[in-house]
Amino acid sequence: MGVEVHGTVTEGFEPVGEAFEKNFERLGERGAAVTVYRDGRRVVDLWAGVKDVDGGTDGTGAEPWERGTAQLVRSATKGVAAAVLLLLHQDGELDLDAPVGHYWPEFKARGKEGVLVRHVLNHRAGLPLLDRPLTPREALDPLRGAEALAAQEPVWEPGTDHGYHALTYGWLLDELVRRVSGRGAGAWIAERIAAPLGLGFWLGLPDAEAGRVGRVGPVEGPEPSGALRARPKRSVTAAYADPASVTRRAFAAIDPFPDHNDPEFRAVPNPAANGIATADGLARFYASLIGRVDGVRLFDPATVARARAEESAGPDRVLVVGTRFGLGYMLHGGASPLLAPGSFGHPGRGGSLGFADPEAGIAFGYVTNGFRRTVTADPRAQALVRAVRSAVDG
């Protein structure tokens, strides 16, 4: 018996609905939602399965996923958080080419005088790890990570190379926002982004919203077919397996990593990894970057151009594979295929994805409660992206 898919699909976007249903039938999906906007108008809004990943294999007796169910989206958080620095720049409150130490004097220590604000966004700051990782308890203090980074020596000369700042990105960005605006990124997003747009997105989950958020966890799926069938290169596998590698240490900046379902973890804003979102929240956010959504637009055209102009490209010191970044956003490429060369957005490790494509007027959001062993290109999200592409090209 197949999964029951709920929601709506505008004529012409039927392939997205078909791909979404197949994700449950063929790729081990447990509970998920996908939303697509075109030119500021919602054209796909689908959800299915169970709210909690451990809520029963066939959904019997489990709470169903409903419209408005939200999930932890891991690094898809980064795309929303990046907008804060870009909007502060757009408003004339922050210079992207200024040293971070101009706003945060304590940060200058140990050879970091040359780290620019843009280096935080394009992953060239040279600070992907901590020599002494934070404990889960320390990570509950939103200021502790920033203090550790102020005392940290760069792994490489800032500005000379790039490597994904998996967790440290959040502390760097949050402290910059705090120094410039007087409040953290979570509060800034709630007031300046989420409220005007009516977004289902929280960085620091309020108690009042906890009931709509499902439990997440690992899931296995069959081997995907076609171009995504290839297994990771040995060099990638070795980097993740080696405790001394920059890769492993970057993802272990909090060690051991907190339980994703722990209410304490979800309540503390970390702009790198613990945003909570609905699929519509992600898609609506990206739609507002490239056009008006119910009269609200966040980025002016110059900021859109800035966000998606290539700043970093090539072999990534942390992810090992080749990556492309603009200012705070992953760009379309082999490691993270999006809709088209002009697309910009951010995946979340294990599944979730949000992005915009200005040329097609498309904004996309996908969230899931089942985390697969993927970092930047989950096969379920990619199946949906291909379906959107076929609908746009159709």
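Residues numbered from 1 in each chain as written. Predicted model: local features only at pLDDT ≥ 70, side-chain atom pairs only at ≥ 80, totals over all residues. Heavy atoms only, no water.

With that settled, the discussion passes to the overall build of the chain. Helices and strands together make up the secondary structure of the chain, namely 14 helices and 14 strands. For a compact globule of 394 residues, the expected C-alpha radius of gyration is about 21 Å, and the chain comes in at 20 Å, within 12% of that figure. Each principal axis of the C-alpha atoms in the chain carries an extent, and together these give about 60 × 45 × 40 Å. Of all intrachain contacts in the chain linking residues separated by at least 6 positions in sequence, the fraction that spans at least 24 positions is 68%. Of the roughly 15,300 Å² of accessible surface on the chain, 49% is carried by carbon and sulfur atoms. Taken as two groups, the 44 positive and 49 negative side-chain charges of the chain have centres that lie 4 Å from each other. (Helix = DSSP H or I, 4+ residues; strand = E, 2+ residues; numbered from the N terminus. Rg over C-alpha atoms; globule rule 2.2 N^0.38 Å. Contact = heavy atoms within 4.5 Å. Areas by Shrake-Rupley, 256 points an atom, 1.4 Å probe, with all protein chains shown as cover. Lys, Arg positive; Asp, Glu negative; His and termini not counted. Charge placed at Lys NZ, Arg CZ, Asp CG, Glu CD.)

Turning to the sheet that holds strand S7 (residues 275-277), a few remarks are in order. Pairing within the open sheet is antiparallel, and its 3 strands lie in the order S4-S7-S5. Only two strands of the sheet have a single partner each, and these edge strands are strand S4 (71-72) and strand S5 (201-203). Of the strand pairs in this sheet, S5 and S7 are connected by 3 bridges, and their pairing is antiparallel. Following the sheet pairing, Phe201 is matched in S7 by Ala277. (Pairing = 2+ DSSP bridges.)

This next bit is on helix H13 (residues 301-308). When H13 is considered as a whole, its buried residues turn out to be Thr303, Val304 and Ala307. When H13 is viewed along its axis, its buried side chains cluster within an angular range of 105 degrees and face the same direction. Structurally, H13 contributes buried residues whose contacts are with helix H2 (77-90), helix H12 (279-290), strand S10 (330-331) and strand S11 (344-347). (Buried < 20%, exposed > 50% of the residue type's maximum accessible area, 1.4 Å probe, protein only. Arc of directions from axis to C-beta.)

Under the counting rule described, the total for this entry stands at 24 salt bridges. Residues joined in a network through salt bridges with shared partners are Glu106, Asp174, Glu175, Arg178 and Arg179. (Salt bridge = Lys/Arg side-chain N within 4 Å of Asp/Glu carboxyl O.)

A general trend in soluble globular proteins is that nonpolar side chains are found buried together. With 77 residues, the main nonpolar core has Ile193, Phe285, Phe299 and Tyr329 as its most contacted residues. The leading source of residues in this core is H2, at 9 residues. The residues touching Phe285, leaving out its near neighbours within four places in the chain, are Gly79, Val80, Ala83, Ile193, Leu199, Leu298 and Tyr329. The next biggest cluster of nonpolar side chains, apart from the first, holds 26 residues, and it includes Val44, Leu353, Ile362 and Leu384. (Core = buried A, V, L, I, M, F, W, Y, C linked by side-chain atoms within 4.5 Å.)

Turning next to the confidence of the model for the chain. Residue-level pLDDT values for the chain average 94, and 95% of them are 70 or greater. Here residues 224-230 is modelled with pLDDT under 50, and outside its nearest four sequence neighbours on either side it reaches 7 contacts, counting other chains as well. (pLDDT = per-residue confidence, 0-100.)

Quick look at the packing of helix H1 (residues 14-26) against helix H14 (residues 379-393) now. Direction vectors running N to C along H1 and H14 enclose 165 degrees, while the axes themselves pass 8 Å from each other. Classified by the interaxial angle, the pair formed by H1 and H14 is roughly antiparallel. Helix-helix and strand crossings are classified by hand; for H1 and H14 the assignment is right-handed. Contacts from Pro15, Val16, Ala19, Phe20 and Asn23 of H1 reach H14 at Arg380, Ala383, Leu384, Ala387, Val388 and Ser390. Considering only residue class, the contact of H1 with H14 consists of 8 nonpolar, 2 polar and 1 charged. (Axes fitted to C-alpha atoms, helices over the stretch in contact; angles between N-to-C directions. Parallel < 35°, antiparallel > 145°, perpendicular 65-115°, else oblique. Left-handed = near helix turned anticlockwise from the far one by under 90°. Nonpolar A, V, L, I, M, F, W, Y, C, P; charged D, E, K, R; others polar.)

Turning next to the pairing of S11. Going residue by residue along S11, you find Phe344 and His346 tucked away on one face and Gly345 and Pro347 tucked away on the opposite face as well. The pairing of S11 with strand S12 (residues 353-357) spans 4 bridges and is antiparallel. Directly across from Phe344, in S12, lies its bridge partner Ala356.

Here we take up the packing of H2 against helix H8 (residues 185-197). Viewed as axis vectors pointing N to C, H2 and H8 meet at an angle of 75 degrees, and their least axial separation amounts to 10 Å. Taken together, the axes of H2 and H8 are roughly perpendicular relative to one another. Packed against H2, whose contacting residues are Val80, Ala81, Ala83, Val84, Leu87 and Leu88, the element H8 presents Trp188, Ile189 and Ile193 at the interface. A breakdown of the residues in the contact of H2 with H8 according to their chemical character gives 9 nonpolar, no polar and no charged.

This paragraph deals with the environment of Gly334. By the secondary structure assignment, Gly334 is in the loop between S10 and S11. Classification of Gly334 as exposed rests on a relative accessible area of 77%. Between the alpha carbons of Gly334 and Thr376 there is a distance of 9.7 Å; along the sequence they are 42 residues apart.

Next up on the list: the environment of Ser245. You can see Ser245 is positioned in the loop between helix H9 (234-241) and helix H10 (246-251). C-alpha of Ser245 to C-alpha of Asn122: the two residues are 123 residues apart in sequence and 21 Å apart in space.

Note the cis peptide between Asp255 and Pro256, where omega equals -5 degrees. Here Arg110, not a glycine, exhibits a phi torsion of approximately 60 degrees, which is positive. With respect to the element layout, Arg110 can be found in the loop between helix H3 (100-103) and helix H4 (117-121).

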